[in-house]
Amino acid sequence: MHDYAGDRTTGFASPAADAVEGPIDLSQILDLRKPSRYPVKVRGTTFTPRSILDGDVLIVDTAIPAKSGDLVIASNNGAAILAELRAKSGSWWLISGNDSHEPIRIDPTQDVDIWATVTGIVREKP
């Protein structure tokens, strides 16, 4: 019996070997070096119907202007909330992820304002 040294491999080399990349740097991919980018942890299940789960980490950007249909982090009477931004009837509204809350009209005079736009999501394997 001979000891196997690895220099006499039979068969075919893996075609995936040419596609192997180096380590993945999430801070680079998610552009977390920008001073306007922040990770925000989700607390609650309001957006479960949209596949955003309690404990997910959202990547948000305070410098990106939000548009209708974007998910945003907003301030409503001092509380941070996750909502969908929607233009409707000439006004901007914050819409709940599961229709459990009434839409909120964006009005800085009523302490309702957009803080950041969601740009990505990170989920740890449970």
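Residues numbered from 1 in each chain as written. Predicted model: local features only at pLDDT ≥ 70, side-chain atom pairs only at ≥ 80, totals over all residues. Heavy atoms only, no water.

Re unusual backbone geometry
Okay, step 1: In this structure, D31 is a non-glycine residue whose phi angle is positive, near 60°.
Okay, step 2: Overall, the relative accessible area of 30% leaves D31 in the partly exposed class. (Buried < 20%, exposed > 50% of the residue type's maximum accessible area, 1.4 Å probe, protein only.)

With respect to a nonpolar patch on the surface
Okay, step 1: A cluster of nonpolar residues, I24, L26 and I29, forms a patch on the protein surface that exposes about 330 Å² of accessible area.
Okay, step 2: Relative to the elements of secondary structure, L26 occurs in helix α1 (residues 26-29). (Patch = residues over 30% accessible without salt bridge, like charges linked within 9 Å, V, L, I, M, F, W, Y side chains within 5 Å. Areas by Shrake-Rupley, 256 points an atom, 1.4 Å probe, with all protein chains shown as cover. Salt bridge = Lys/Arg side-chain N within 4 Å of Asp/Glu carboxyl O. Helix = DSSP H or I, 4+ residues; strand = E, 2+ residues; numbered from the N terminus.)

A closer look at the nonpolar core
Okay, step 1: If you look at the biggest cluster of nonpolar residues, it comprises nine residues: V42, F47, I52, L58, V60, L71, I73, A116 and V118.
Okay, step 2: At the level of elements, β2 (57-61), β3 (71-76) and β7 (112-122) are the ones that each hand at least two residues to this core.
Okay, step 3: Setting aside residues up to four positions removed in sequence, A116 forms contacts with V60, D61, T62, V72 and I73.
Okay, step 4: If you look at the next biggest cluster of nonpolar residues, it comprises seven residues, including V72, A74, I106 and V112. (Core = buried A, V, L, I, M, F, W, Y, C linked by side-chain atoms within 4.5 Å. Contact = heavy atoms within 4.5 Å.)

Regarding the pattern of salt bridges
Okay, step 1: Here the structure, examined in full by the defined rule, presents eight salt bridges.
Okay, step 2: For R33, the salt bridge goes to D25, with nearest N and O atoms at 3.3 Å.
Okay, step 3: The closest approach of N and O atoms between R37 and D61, which form a salt bridge, is 2.7 Å. Placement of the pair is R37 in strand β1 (residues 37-41) and D61 in strand β2, with a sequence separation of 24 residues. When sorted by exposure, R37 lands in the same class as D61, which is buried.
Okay, step 4: The network of salt bridges with common partners includes R50, E84 and R86.

What about the sheet that holds strand β4 (residues 79-88)?
Okay, step 1: The seven strands lie next to each other as β1-β2-β7-β3-β4-β5-β6, forming an open sheet whose pairing is antiparallel. Only two strands of the sheet have a single partner each, and these edge strands are β1 and β6 (104-105). (Pairing = 2+ DSSP bridges.)

Observations regarding the side chain of D70
Okay, step 1: One can find D70 in the loop between β2 and β3.
Okay, step 2: Note on D70: relative accessible area 15%, which makes it buried.
Okay, step 3: Here K67 takes part through its backbone nitrogen, which lies 2.9 Å from a polar atom of the side chain of D70.
Okay, step 4: Residues in contact with D70, not counting those within four places in the same chain, are P65, A83, E84, L85 and T117. (Polar contact = N/O pair within 3.5 Å; in protein donor to acceptor, adjacent residues only side chain to side chain.)

Focus: the environment of V40
Okay, step 1: Within the fold, V40 resides in strand β1.
Okay, step 2: When the C-alpha positions of V40 and I73 are compared, they lie 9.1 Å apart, and in sequence the two are 33 residues distant.
Okay, step 3: Setting aside residues up to four positions removed in sequence, V40 forms contacts with D56, V57, L58, V60, I73 and W115.

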